[in-house]
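Structural description and commentary
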Amino acid sequence: MKHKTFGSGGPDVSVIGQGTWYLDHGDRKRAIAALQRGLDLGMSHIDTAEMYGDAELVIADAIAGRRDEVFLVSKVLPSNASRRGTITACERSLKRLNTDRLDCYLLHWRGSYPLAETVAAFDELTRAGKIRSWGVSNFDADDLDELLEVVGPGQIACNQVLYHLQERAIEHAVIPWCGEHGVAVVAYSPFGHDDFPTPASPGGQVLQRIAQAHAATPRQVALAFLTRASGLFAIPKAGSPEHAAENAAAGSLDLTAAEIAALDRAFPRGPKPRGLPML
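Summarised in this report is the structure supplied together with it.

What counts, and at which threshold
Residues numbered from 1 in each chain as written. Predicted model: local features only at pLDDT ≥ 70, side-chain atom pairs only at ≥ 80, totals over all residues. Heavy atoms only, no water. Helix = DSSP H or I, 4+ residues; strand = E, 2+ residues; numbered from the N terminus. Polar contact = N/O pair within 3.5 Å; in protein donor to acceptor, adjacent residues only side chain to side chain. Contact = heavy atoms within 4.5 Å. Core = buried A, V, L, I, M, F, W, Y, C linked by side-chain atoms within 4.5 Å. Buried < 20%, exposed > 50% of the residue type's maximum accessible area, 1.4 Å probe, protein only. Pairing = 2+ DSSP bridges. Right-handed = clockwise from strand over helix to strand, strands pointing away.

The subject of this paragraph is the side chain of Thr 48. Considering the arrangement of structural elements, one finds Thr 48 in the loop between strand E3 (45-47) and helix H2 (55-62). Within the local environment of Thr 48, its side chain forms a polar contact with the side chain of Thr 20, the two groups lying 3.3 Å apart. Residues in contact with Thr 48, not counting those within four places in the same chain, are Thr 20, Ala 55, Glu 56, Ile 59, Val 73, Ser 74, Lys 75 and Leu 97.

Shown next as structure tokens:
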């Protein structure tokens, strides 16, 4: 499993992590086994959020006795992101996760509370040792500009955004901005939302051809493409230990320049959108 520096001067984190949205909707024992198998294979980055129902409770069971192996991330809802509300939400997540700290805490998306108020809470939580770093999710480049004016350089650990082969909008402005400012980019829903390219589609055929050359799967190729550059991470969800193992194997897959170019042609990023796509 490859690792990269997470943010400006942050720790080394596995390039492939584990998402948990809807993880609580299936078989609980199978979900726990999937997370534990992922940890066994080096996917130490586990991402969740207070919005994700009982996912934090599932994670608590999965990481019991293994907390020090995990780079644990959760998120505060914008509706809770006042200074007091952010602290309360974080403490609630810590209790549900059965841990004393988060490795990174994110504002899930922009809301009505001033960014300065949320950041003040992040700073207070950091001083208290309850979070080790903080970041944002679903922020476009102009949002990041505004946040940078509030906090200054070197403070924003990451921006977690929608990014998959058929949704590459963040390559226009968000990825360049984050690269310039030392902010990690974390791809959520890296296989799309129930719309991964079919084997018969033109793009699917390109994926299949590259996968065969590496004795890999199309989904592993997709993850390798999304994490091809420094500062890029992905957090696919796995509902079974077998799926977790498939995802983890992408963390050691290196694509050639020609293969990256072929995928770029097969899945063009398209024009810059007016707004940042998100789920």
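On to the nonpolar core, then. Counting residues in each nonpolar core, the largest one holds 76 residues, and the members touching the most others are Tyr 105, Leu 147 and Leu 263. Here this core takes 6 residues from helix H8 (residues 218-226), the largest share from any one element. Discounting chain neighbours no more than four positions away, the residues touching Leu 147 are Leu 115, Val 119, Trp 134, Val 136, Phe 139 and Ile 156. Listed in part, the 14 residues of the second largest apolar core include Val 13, Ala 184, Val 186 and Tyr 188.

By the alternation rule, side chains of strand E5 (residues 104-107) split into Cys 104 and Leu 106 and Tyr 105 and Leu 107, which are all buried. In terms of strand pairing, strand E4 (residues 71-76) meets E5 through 4 bridges, oriented parallel. Paired with Ser 74 across the two strands is Tyr 105, which belongs to E5. As for the winding sense of the linkage, the β-α-β connection from E4 through helix H3 (residues 83-97) to E5 is right-handed. Direction of pairing for E5 relative to strand E6 (residues 134-137): parallel, over a ladder of 3 bridges. Directly across from Tyr 105, in E6, lies its bridge partner Trp 134. Handedness of the E5-helix H4 (residues 115-127)-E6 crossover: right-handed.

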